[in-house]
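# Structure at a glance
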Amino acid sequence: MNLEYKRVMIKLSGEALAGPQGFGIDPPTVSRICESIKKVFDRGIEVAIVVGGGNFWRGRLGEGMDKSTADYMGMLATVINALSLQDSLEHIGVPVRVQTAIEMKEIAEPYIKRKAVRHLEKKRVVIFAAGTGNPFFTTDTTASLRAAEIDADIILLAKNVDAVYDKDPAVHDDAKKYTHLCYLDVIDKGLKVMDSTAITLCMDNDIKILVFGLDNPDNILRAAMGEHIGTIIEGE
Ligand code: GTP
């Protein structure tokens, strides 16, 4: 089979794991997402995952708190989510390695780029947890950074909307949907796709981003197979 992508970075938001109640982890929702990731894996595509932590905590919620502390709390939330994904994927027979950017060896391997690449080559899904390990960075930036490090072909950015719009389509009926954007458009138009650090990192390293909706979990497979759903963001 001719695959469009050999190695993909899937970025999931923490909320994607929360299900209808909008908080914490909803095991049936996690299972549905993992079933779709398994389909990608079964096609022979190498899969890396970065997951957010917003279903438990967001750094920006820590008003009045020390910013670094609030961000570290968010990083810990991503570890919970990574373990939940690992458990669910292993249940359906997908080999997984979790690597954390902050050492917590009793729980998971520390992040070692060469080991991560080796795991991918050996057909294991690798989940990168604890963000970049640094405060003041988002998990979108983590996805960009890790994608650059492991030389992923594309970032598949799963969202709760089906594409990038010029304004919030939930609020504005006339919101215009973009099918294609270049990195600079995203920055110049102030589009809320990824934060500017993340998008700049993608631009500097020429990493394509496909933004798509997770309303149907099978969109992960469609996106990974190179189908042009949602919005593609690239250099030109
Ligand atoms: P190979 O080197 O290709 O054999 O990879 P491997 O991951 O199977 O081998 P390794 O012996 O490194 O790891 C075996 C298991 O231990 C895997 O599930 C790893 O995720 C886990 N593991 C490895 N290092 C650590 C660590 O520092 N902490 C924790 N908690 N688990 C680890």
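So, here is what we can say about the structure in this document.

Rules of the game
- Residues numbered from 1 in each chain as written.
- Predicted model: local features only at pLDDT ≥ 70, side-chain atom pairs only at ≥ 80, totals over all residues.
- Heavy atoms only, no water.
- Helix = DSSP H or I, 4+ residues; strand = E, 2+ residues; numbered from the N terminus.
- Rg over C-alpha atoms; globule rule 2.2 N^0.38 Å.
- Buried < 20%, exposed > 50% of the residue type's maximum accessible area, 1.4 Å probe, protein only.
- Contact = heavy atoms within 4.5 Å.
- Areas by Shrake-Rupley, 256 points an atom, 1.4 Å probe, with all protein chains shown as cover.
- Lys, Arg positive; Asp, Glu negative; His and termini not counted.
- Charge placed at Lys NZ, Arg CZ, Asp CG, Glu CD.
- Arc of directions from axis to C-beta.
- Pairing = 2+ DSSP bridges.
- Axes fitted to C-alpha atoms, helices over the stretch in contact; angles between N-to-C directions.
- Near = heavy atom within 4 Å.
- Polar contact = N/O pair within 3.5 Å; in protein donor to acceptor, adjacent residues only side chain to side chain.
- Nonpolar A, V, L, I, M, F, W, Y, C, P; charged D, E, K, R; others polar.
- Phe/Tyr/Trp six-rings, centres within 6.5 Å; stacked < 30°, edge-to-face > 60°.
- Lys NZ or Arg CZ within 6 Å of the ring centre and 35° of its normal.
- Salt bridge = Lys/Arg side-chain N within 4 Å of Asp/Glu carboxyl O.

### Thoughts on the overall build of the protein
Helix and strand counts for the protein stand at seven helices and eleven strands. In terms of overall size, the protein behaves like a compact globule, its C-alpha atoms giving a radius of gyration of 17 Å where 236 residues would be expected to give roughly 18 Å. In terms of overall dimensions, the protein has C-alpha extents of about 55 × 50 × 35 Å along its principal axes. In the protein, which comprises 236 residues, the share counted as buried stands at 51%. Residue pairs at least 24 apart in sequence account for 71% of intrachain contacts in the protein once pairs closer than 6 positions are excluded. Surface summary for the protein: the accessible area is close to 11200 Å², and the carbon and sulfur share equals 49%. Counting 28 positive and 34 negative side-chain charges, the protein places the averaged centre of each group 5 Å from the other.

### With respect to helix H3 (residues 113-121)
Within H3, burial applies to Ala116, Val117, His119 and Leu120. Seen from one end, H3 has its buried residues packed into an arc of 155°, which puts them on one side. Contacts from the buried residues of H3 go to strand E1 (7-12), strand E2 (46-51), strand E3 (96-100), strand E4 (109-110), strand E5 (125-129) and helix H4 (139-150). Note on H3: the residue one or two positions beyond its end, Lys123, has a positive phi of about 65°.

### Concerning the sheet that holds E4
Sheet strands associate in pairs through backbone hydrogen bonding, adopting either a parallel or an antiparallel arrangement. Taken together, the nine strands give an open sheet; going across it, the order is E4-E3-E5-E2-E1-E6-E10-E11-E9, and neighbouring strands pair in mixed fashion. At either margin of the open sheet sits one strand with a lone partner, and together these are E4 and strand E9 (180-182). Two strands pair when backbone bridges link them, and E1 and strand E6 (residues 154-159) are joined in this way by four bridges, in the parallel orientation. Looking at E6, one finds that Val8 is bridged to Ile154. Across the sheet, helix H1 (residues 27-42) touches E1, E2 and E5, and the angle it forms with E2 is around 150°.

### Re the site of the ligand
Around the ligand sit Arg97, Lys105, Glu106, Ile107, Ala108, Glu109, Pro110, Lys115, His119, Lys122 and Arg124, and those are all the residues in its vicinity. In the environment of the ligand, an oxygen atom lies 3.0 Å from a nitrogen or oxygen atom belonging to the side chain of Arg124. Among the elements of the structure, E4 and H3 are those that each provide at least two residues to the shell around the ligand. Of the residues contributing to the shell around the ligand, the split by class is three nonpolar, one polar and seven charged.

### A word on the packing of aromatic side chains
With the rule as written, the count across this model stands at two aromatic pairs. Taking the centre distance of 5.9 Å and the plane angle of 85° together, the rings of Phe23 and Phe56 count as edge-to-face. Here Phe23 is found in the loop between E1 and H1, whereas its partner Phe56 is found in the loop between E2 and helix H2 (67-91), with 33 residues between them in sequence. A relative accessible area of 26% means that Phe56 is categorised as partly exposed. Measuring from ring centre to ring centre gives 5.5 Å for Tyr111 and Phe128, while their planes differ by 80°; the resulting arrangement is edge-to-face. Of this pair, Tyr111 sits in the loop between E4 and H3 while Phe128 sits in strand E5, and the two are 17 residues apart along the sequence. Taken as a pair, Tyr111 and Phe128 share a single burial class, namely buried. It is Arg146 that lies over the ring of Tyr111; its NZ or CZ is 3.6 Å from the centre. Here Arg146 stacks its cationic end above the ring of Phe128, 5.8 Å away from the centre of that ring.

### Overview of the pattern of salt bridges
Pairs may arise between side chains of opposite charge once their charged atoms sit close together. A full pass over the atoms with the stated rule returns 13 salt bridges. For Glu46, the salt bridge identified is with Lys6, shortest N-O distance 3.5 Å. Of this pair, Glu46 sits in strand E2 while Lys6 sits in the segment before E1, and the two are 40 residues apart along the sequence. The class of Lys6 is exposed, set by a relative accessible area of 51%. For Arg58, the salt bridge goes to Glu15, with nearest N and O atoms at 2.3 Å. You can see Arg58 sitting in the loop between E2 and H2 and its partner Glu15 sitting in the loop between E1 and H1, a full 43 residues away along the chain. Salt bridges here are not isolated pairs; linked through shared partners, they connect Lys6, Arg7, Glu46 and Lys123.

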